[in-house]
Amino acid sequence: MPVWAAAGLWGLFAGSALLVGAGLGWYLRIPRTVVAGVMAFGAGVLISALAFDLVDEAERAGGLAATTGGFLGGAVAYVGANVALASAGARHRKRSSGQPTESEVGGSGTSIAIGALLDGIPESMVLGLTLLSGHGVGVPVLVAIFLSNVPEGLSSAAGMRRAGRRASYVFGVWAVVALSSGGAGLMGVVLLDGASGASIAVVTAVAAGAILAMVADTMIPEAFERTHLYAGLLATIGFVLAFAIDRL
């Protein structure tokens with residue numbers, strides 16, 4: 001199978017976890033504390049993958065200056081886009097409560113959908129880039145993205161349901177995000193196949209910076225709001241699990 005096709009399929013697979021989580025959040029009345037706890041766990045998993053896979057590998061391939069510049073650039077770009085979306089009603093898109101209805105904030109449904117795309121594309125792009133090493137997909141990164149996507153979809157879908165949005169909207173959003181995740185993984189490989197290690201490192205660092213900003217801006221607040229003192233412990237468990245998968 002061509003590398004670009006494999007990248008697209010792995011991105012689609014990771015993105016499909018959002019649909020799994022959305023199904024759980026829509027059809028099951030899961031307590032908000034449980035949703036927040038799983039979100040804290042997923043945040044820890046992603047942070048571990050960033051630290052031990054993405055940023056570390058980017059620094060080895062492209063050097064410290066390129067990696068730190070790309071990492072900060074990705075965070076700034078994400079935060080800028082997130083600020084714009086927050087003002088349009090997408091501030092709480094990953095939360096299980098507090099999302100506005102369309103009557104409260106006109107256009108918030110579209111903003112939430114765009115925000116979901118903003119959150120998912122960097123993850124899938126870096127997943128596709130792991131294939132360029134020639135050693136197959138990066139399993140720790142794949143596991144981290146999949147495990148974190150489930151609580152993301154779960155929490156957001158629960159919030160959308162409470163805001164009165166229809167099932168067709170909720171599952172339509174996550175289906176589009178899942179497909180876009182496959183496309184992002186594919187495009188990452190197509191655009192950078194044959195590029196220098198430094199170029200791949202910079203792009204990986206940019207995506208990693210965006211992911212960390214996403215975790216801090218949208219996942220951790222939801223986790224802490226409900227689990228409070230336990231959020232740190234649950235995030236630590238997720239971090240250690242992802243670290244163990246990386247080493248094993």
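Please read these numbers as outputs of a predicted model, since none were measured by experiment. (Residues numbered from 1 in each chain as written. Predicted model: local features only at pLDDT ≥ 70, side-chain atom pairs only at ≥ 80, totals over all residues. Heavy atoms only, no water.)

J.: Is there a simple way to explain the environment of Leu154 in this structure?
T.: As for its position among the elements, Leu154 is in helix α5 (residues 139-162). Remark: the alpha-carbon pair of Leu154 and Gly21, spanning 133 residues in sequence, is separated by 4.1 Å. Ignoring anything within four residues of it in the chain, the contact list for Leu154 reads Gly21, Ala22, Leu24, Gly25, Ile30 and Val35. (Helix = DSSP H or I, 4+ residues; strand = E, 2+ residues; numbered from the N terminus. Contact = heavy atoms within 4.5 Å.)

J.: Got a minute to help me understand the pattern of salt bridges in this structure?
T.: Proximity of charged atoms lets side chains of opposite charge pair with each other. Scanning the entire structure with this criterion turns up one salt bridge. Put simply, Asp56 and Arg60 hold a salt bridge, and the shortest N to O gap is 3.0 Å. A residue pair is termed a helical-turn pair when its members lie 3 or 4 positions apart in one helix, as Asp56 and Arg60 do in helix α2 (residues 32-62) at four residues. Given the relative accessible area of 27%, Asp56 is considered partly exposed. (Salt bridge = Lys/Arg side-chain N within 4 Å of Asp/Glu carboxyl O. Buried < 20%, exposed > 50% of the residue type's maximum accessible area, 1.4 Å probe, protein only.)

J.: Is there a simple way to explain the packing of aromatic side chains in this structure?
T.: The geometry of two aromatic rings is summed up by the distance between their centres and the angle between their planes. Taken as a whole and judged by the stated rule, the model has six aromatic pairs. Relative to Phe146, the ring of Phe13 lies with its centre 5.0 Å away and its plane at 20°, an arrangement referred to as stacked. Here Phe13, found in helix α1 (residues 3-27), pairs with Phe146, found in helix α5; they are 133 residues apart in sequence, far enough to count as distant. Overall, the relative accessible area of 39% leaves Phe13 in the partly exposed class. (Phe/Tyr/Trp six-rings, centres within 6.5 Å; stacked < 30°, edge-to-face > 60°.)

J.: Got a minute to help me understand the packing of α5 against helix α6 (residues 167-192) in this structure?
T.: Helices that pack against each other are described as a pair by the angle of their axes relative to one another and the distance between those axes. Relative to each other, α5 and α6 sit at 150°, their axes nearing to 10 Å. What the angle tells us is that α5 and α6 run roughly antiparallel. For the element pair α5 and α6, the recorded crossing hand is right-handed. Between α5 and α6, the contacting residues are Glu152, Gly153, Ser156, Ala157 and Met160 on the first element and Tyr169, Val170 and Trp174 on the second. Tallied by class, the residues present in the contact of α5 with α6 amount to five nonpolar, two polar and one charged. (Axes fitted to C-alpha atoms, helices over the stretch in contact; angles between N-to-C directions. Parallel < 35°, antiparallel > 145°, perpendicular 65-115°, else oblique. Left-handed = near helix turned anticlockwise from the far one by under 90°. Nonpolar A, V, L, I, M, F, W, Y, C, P; charged D, E, K, R; others polar.)

J.: Please clarify how the confidence of the model for the chain should be interpreted in this entry.
T.: A low pLDDT score tells you not to read the predicted coordinates there in detail. Averaged over all residues, the pLDDT of the chain is 80; the fraction at 70 or higher stands at 86%. Within the chain, no element has a lower average pLDDT than helix α4 (residues 108-129), which sits at 72, and none a higher one than α1, at 87. (pLDDT = per-residue confidence, 0-100.)

J.: Explain the packing of α2 against α5 to me, please; I cannot follow it from the model alone.
T.: With their axes 8 Å apart at the nearest point, α2 and α5 run at an angle of 150° to one another. Classified by the angle their axes make, α2 and α5 are roughly antiparallel. For the pair α2 and α5, the crossing hand works out as left-handed. Of the residues in α5, those in contact with Arg32, Val35, Val38, Met39, Phe41, Gly42, Val45, Leu46, Ala49, Asp53 and Leu54 of α2 are Pro140, Val141, Ala144, Ile145, Leu147, Ser148, Pro151, Glu152, Leu154, Ser155 and Arg162. Considered class by class, the residues forming the contact of α2 with α5 number 15 nonpolar, three polar and four charged.

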